[in-house]
Amino acid sequence: EHEQRHRAHLSAYRDVIQIVCDYYPKLTPFGKYNPSQFILSSDKQTIDGNGNCNGHLIYADTQWNNGAGFTRGKWSWSVVALHTAYNEQNPPKTGDDNDGFSECFQSIGITTLFDPFFTCGHFPNNNSAIHSSHYQGHRGKWKHEEVMTVVLDCDAHTVNWYKGLQKVQTDVIKPNIAYFFALACCGSKDWTKVRVVETPLELLS
(Lines give C-alpha, C1' and ligand atoms only; values in the text may rest on other atoms or scores of the structure.)
Protein backbone atom coordinates (compact mmCIF):
# COMPACT_ATOMS: atom_id res chain seq x y z
CA GLU A 1 0.00 0.00 0.00
CA HIS A 2 2.84 2.39 0.85
CA GLU A 3 4.50 1.67 -2.49
CA GLN A 4 1.24 2.34 -4.34
CA ARG A 5 0.85 5.72 -2.65
CA HIS A 6 4.47 6.55 -3.48
CA ARG A 7 3.89 5.70 -7.15
CA ALA A 8 0.70 7.78 -7.20
CA HIS A 9 2.48 10.78 -5.68
CA LEU A 10 5.36 10.40 -8.15
CA SER A 11 2.93 10.25 -11.06
CA ALA A 12 1.12 13.38 -9.84
CA TYR A 13 4.45 15.18 -9.42
CA ARG A 14 5.44 14.32 -13.00
CA ASP A 15 2.07 15.58 -14.25
CA VAL A 16 2.57 18.92 -12.48
CA ILE A 17 6.08 19.28 -13.89
CA GLN A 18 4.75 18.56 -17.40
CA ILE A 19 2.02 21.17 -17.01
CA VAL A 20 4.56 23.77 -15.90
CA CYS A 21 6.87 22.91 -18.80
CA ASP A 22 3.99 23.10 -21.27
CA TYR A 23 2.87 26.48 -19.92
CA TYR A 24 6.27 28.15 -19.57
CA PRO A 25 7.46 29.37 -22.99
CA LYS A 26 10.43 27.28 -24.10
CA LEU A 27 11.39 29.85 -26.71
CA THR A 28 10.63 33.56 -26.59
CA PRO A 29 10.46 35.07 -30.10
CA PHE A 30 11.37 38.59 -31.08
CA GLY A 31 8.81 41.27 -30.31
CA LYS A 32 8.96 45.02 -30.96
CA TYR A 33 11.61 46.36 -33.37
CA ASN A 34 12.04 49.13 -35.94
CA PRO A 35 10.87 47.71 -39.31
CA SER A 36 12.84 50.36 -41.19
CA GLN A 37 16.04 48.83 -39.79
CA PHE A 38 15.42 45.09 -39.66
CA ILE A 39 13.59 42.28 -41.41
CA LEU A 40 11.85 39.75 -39.16
CA SER A 41 11.14 36.19 -40.30
CA SER A 42 7.53 35.00 -40.45
CA ASP A 43 8.03 32.79 -37.38
CA LYS A 44 9.50 35.79 -35.47
CA GLN A 45 12.63 33.83 -34.62
CA THR A 46 15.25 35.35 -36.96
CA ILE A 47 16.05 38.99 -37.66
CA ASP A 48 18.34 40.57 -40.28
CA GLY A 49 19.75 44.08 -40.58
CA ASN A 50 18.31 46.18 -43.39
CA GLY A 51 18.89 49.81 -42.39
CA ASN A 52 21.69 52.05 -41.13
CA CYS A 53 24.67 51.87 -38.82
CA ASN A 54 23.35 52.77 -35.39
CA GLY A 55 22.51 50.67 -32.39
CA HIS A 56 18.80 49.86 -32.71
CA LEU A 57 16.77 48.05 -30.05
CA ILE A 58 15.15 44.68 -30.70
CA TYR A 59 12.97 43.36 -27.88
CA ALA A 60 11.95 39.91 -26.73
CA ASP A 61 8.23 39.32 -27.23
CA THR A 62 6.10 40.45 -24.29
CA GLN A 63 2.61 39.42 -25.46
CA TRP A 64 2.43 36.37 -23.20
CA ASN A 65 3.39 38.65 -20.31
CA ASN A 66 0.57 41.11 -21.16
CA GLY A 67 3.09 43.54 -22.60
CA ALA A 68 4.62 44.32 -19.22
CA GLY A 69 8.22 44.11 -18.13
CA PHE A 70 9.53 41.81 -15.42
CA THR A 71 9.45 42.92 -11.79
CA ARG A 72 9.34 39.56 -9.98
CA GLY A 73 10.64 36.06 -10.49
CA LYS A 74 13.44 34.58 -12.59
CA TRP A 75 13.41 34.83 -16.38
CA SER A 76 15.69 34.09 -19.30
CA TRP A 77 16.20 34.81 -23.00
CA SER A 78 18.63 33.09 -25.37
CA VAL A 79 19.89 34.34 -28.74
CA VAL A 80 22.44 32.95 -31.19
CA ALA A 81 24.51 35.13 -33.54
CA LEU A 82 24.61 33.93 -37.14
CA HIS A 83 26.91 34.40 -40.11
CA THR A 84 25.77 37.26 -42.34
CA ALA A 85 25.84 37.92 -46.06
CA TYR A 86 28.66 40.41 -45.41
CA ASN A 87 30.79 37.64 -43.89
CA GLU A 88 30.14 35.38 -46.85
CA GLN A 89 30.95 38.10 -49.38
CA ASN A 90 34.07 39.21 -47.49
CA PRO A 91 35.86 36.09 -46.26
CA PRO A 92 38.71 36.84 -43.86
CA LYS A 93 42.32 36.57 -44.85
CA THR A 94 44.45 33.87 -43.28
CA GLY A 95 45.15 34.78 -39.67
CA ASP A 96 42.53 37.51 -39.57
CA ASP A 97 41.26 37.81 -36.00
CA ASN A 98 38.01 39.37 -37.23
CA ASP A 99 36.66 36.05 -38.49
CA GLY A 100 33.40 34.84 -37.02
CA PHE A 101 31.78 37.77 -35.27
CA SER A 102 29.83 40.96 -35.87
CA GLU A 103 31.73 43.96 -37.20
CA CYS A 104 29.44 46.42 -35.45
CA PHE A 105 27.04 46.91 -32.51
CA GLN A 106 25.70 43.65 -31.08
CA SER A 107 24.84 43.70 -27.37
CA ILE A 108 22.26 41.85 -25.27
CA GLY A 109 20.77 42.75 -21.92
CA ILE A 110 17.88 44.27 -20.02
CA THR A 111 16.50 47.80 -19.90
CA THR A 112 13.59 49.73 -18.45
CA LEU A 113 13.28 51.58 -21.77
CA PHE A 114 10.63 50.17 -24.10
CA ASP A 115 11.01 52.06 -27.37
CA PRO A 116 11.94 50.17 -30.58
CA PHE A 117 12.63 53.47 -32.37
CA PHE A 118 15.29 54.55 -29.86
CA THR A 119 18.81 54.70 -31.30
CA CYS A 120 21.96 54.24 -29.25
CA GLY A 121 25.49 52.94 -29.40
CA HIS A 122 26.10 49.62 -27.71
CA PHE A 123 23.04 49.94 -25.40
CA PRO A 124 20.88 52.64 -23.77
CA ASN A 125 22.88 54.55 -21.18
CA ASN A 126 21.82 54.64 -17.55
CA ASN A 127 20.35 57.93 -16.36
CA SER A 128 17.59 59.18 -14.07
CA ALA A 129 14.92 57.79 -16.41
CA ILE A 130 16.56 54.67 -17.86
CA HIS A 131 18.11 51.70 -16.06
CA SER A 132 19.99 49.23 -18.26
CA SER A 133 22.54 46.46 -18.02
CA HIS A 134 24.13 44.70 -20.98
CA TYR A 135 26.85 42.41 -22.30
CA GLN A 136 28.78 44.03 -25.14
CA GLY A 137 29.36 41.43 -27.83
CA HIS A 138 31.13 43.69 -30.34
CA ARG A 139 34.56 42.77 -31.73
CA GLY A 140 34.88 39.14 -30.85
CA LYS A 141 33.13 38.84 -27.52
CA TRP A 142 30.05 37.22 -29.10
CA LYS A 143 31.07 35.02 -31.99
CA HIS A 144 28.88 33.49 -34.65
CA GLU A 145 27.05 30.30 -33.61
CA GLU A 146 27.54 31.15 -29.92
CA VAL A 147 24.38 31.19 -27.80
CA MET A 148 24.15 34.09 -25.36
CA THR A 149 21.64 33.74 -22.53
CA VAL A 150 20.47 36.49 -20.21
CA VAL A 151 19.09 35.31 -16.86
CA LEU A 152 17.19 38.00 -14.98
CA ASP A 153 16.49 37.32 -11.30
CA CYS A 154 14.23 40.13 -10.12
CA ASP A 155 13.99 38.72 -6.59
CA ALA A 156 17.77 38.55 -6.14
CA HIS A 157 18.26 41.85 -8.01
CA THR A 158 20.85 40.34 -10.35
CA VAL A 159 21.29 39.64 -14.04
CA ASN A 160 23.70 37.02 -15.38
CA TRP A 161 25.02 36.38 -18.87
CA TYR A 162 26.07 32.98 -20.15
CA LYS A 163 27.98 32.08 -23.28
CA GLY A 164 26.77 28.56 -23.79
CA LEU A 165 26.78 27.25 -20.21
CA GLN A 166 29.68 29.43 -19.03
CA LYS A 167 28.85 32.52 -16.98
CA VAL A 168 30.64 35.54 -18.40
CA GLN A 169 29.15 38.48 -16.49
CA THR A 170 27.03 39.34 -13.43
CA ASP A 171 25.47 42.72 -12.64
CA VAL A 172 23.43 43.98 -9.70
CA ILE A 173 20.30 45.83 -10.80
CA LYS A 174 17.92 48.36 -9.30
CA PRO A 175 14.95 46.54 -7.69
CA ASN A 176 11.20 47.03 -8.00
CA ILE A 177 11.13 48.36 -11.55
CA ALA A 178 10.07 46.64 -14.78
CA TYR A 179 12.80 45.35 -17.11
CA PHE A 180 12.61 44.19 -20.72
CA PHE A 181 14.97 41.84 -22.56
CA ALA A 182 16.57 43.55 -25.54
CA LEU A 183 19.31 43.48 -28.14
CA ALA A 184 21.06 46.57 -29.46
CA CYS A 185 22.28 45.75 -32.96
CA CYS A 186 23.64 47.54 -35.99
CA GLY A 187 20.88 47.99 -38.55
CA SER A 188 23.17 47.96 -41.59
CA LYS A 189 22.10 45.57 -44.33
CA ASP A 190 23.84 42.19 -44.15
CA TRP A 191 25.78 43.10 -40.97
CA THR A 192 23.42 41.69 -38.36
CA LYS A 193 21.69 38.33 -38.23
CA VAL A 194 20.47 36.77 -34.96
CA ARG A 195 18.02 34.05 -34.00
CA VAL A 196 16.23 33.21 -30.76
CA VAL A 197 16.74 29.70 -29.38
CA GLU A 198 15.56 27.72 -26.39
CA THR A 199 17.35 28.45 -23.15
CA PRO A 200 19.55 25.49 -22.10
CA LEU A 201 17.79 23.47 -19.41
CA GLU A 202 20.89 23.66 -17.22
CA LEU A 203 20.32 27.43 -16.83
CA LEU A 204 16.64 27.18 -15.85
CA SER A 205 17.19 25.80 -12.35
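Residues numbered from 1 in each chain as written. Predicted model: local features only at pLDDT ≥ 70, side-chain atom pairs only at ≥ 80, totals over all residues. Heavy atoms only, no water.

Caption draft 1: How the structure looks around the confidence of the model for the chain. Looking at the chain as a whole, the pLDDT averages 84, with 80% of positions reaching at least 70. By mean pLDDT, helix 1 (residues 2–23) is the weakest element of the chain at 52, and strand 9 (residues 158–163) is the strongest at 97. Low pLDDT, under 50, characterises residues 16–23; the stretch is placed with one contact to residues that sit more than four places away or in other chains. (pLDDT = per-residue confidence, 0-100. Helix = DSSP H or I, 4+ residues; strand = E, 2+ residues; numbered from the N terminus. Contact = heavy atoms within 4.5 Å.)

Caption draft 2: Focus on the sheet that holds strand 1 (residues 38–40). If you trace the seven strands from one edge of the open sheet to the other, you get 1-2-12-4-8-9-10, paired in antiparallel fashion. Unpaired on one side and paired on the other, strand 1 and strand 10 (166–172) mark the two borders of the sheet. With direction set aside, neighbouring strand axes in the sheet form an average angle of 20°. Bridge count for strand 1 against strand 2 (residues 46–49) is three bridges, and the pairing is antiparallel. Looking at strand 2, one finds that Phe 38 is bridged to Gly 49. (Pairing = 2+ DSSP bridges. Axes fitted to C-alpha atoms, helices over the stretch in contact; angles between N-to-C directions.)

Caption draft 3: Expanded view of the pattern of salt bridges. Evaluated as defined, the whole model comprises one salt bridge. Glu 146 serves as the salt-bridge partner of Lys 163, at 3.9 Å between the closest nitrogen and oxygen. Within this pair, whereas Lys 163 is found in strand 9, its partner Glu 146 is found in the loop between strand 7 (132–136) and strand 8 (147–153), the two being separated by 17 residues in sequence. (Salt bridge = Lys/Arg side-chain N within 4 Å of Asp/Glu carboxyl O.)

Caption draft 4: Inspection of the pairing of strand 5 (residues 106–111) at higher detail. Within strand 5, six of the six residues are buried, leaving the element largely enclosed by the surrounding structure. In strand 5, alternate side chains face the same way, and those of Gln 106, Ile 108 and Ile 110 on one face and Ser 107, Gly 109 and Thr 111 on the other are all buried. Across six bridges, strand 5 lies against strand 11 (residues 180–186) in antiparallel orientation. Looking across to strand 11, one finds that Gly 109 is bridged to Ala 182. (Buried < 20%, exposed > 50% of the residue type's maximum accessible area, 1.4 Å probe, protein only.)

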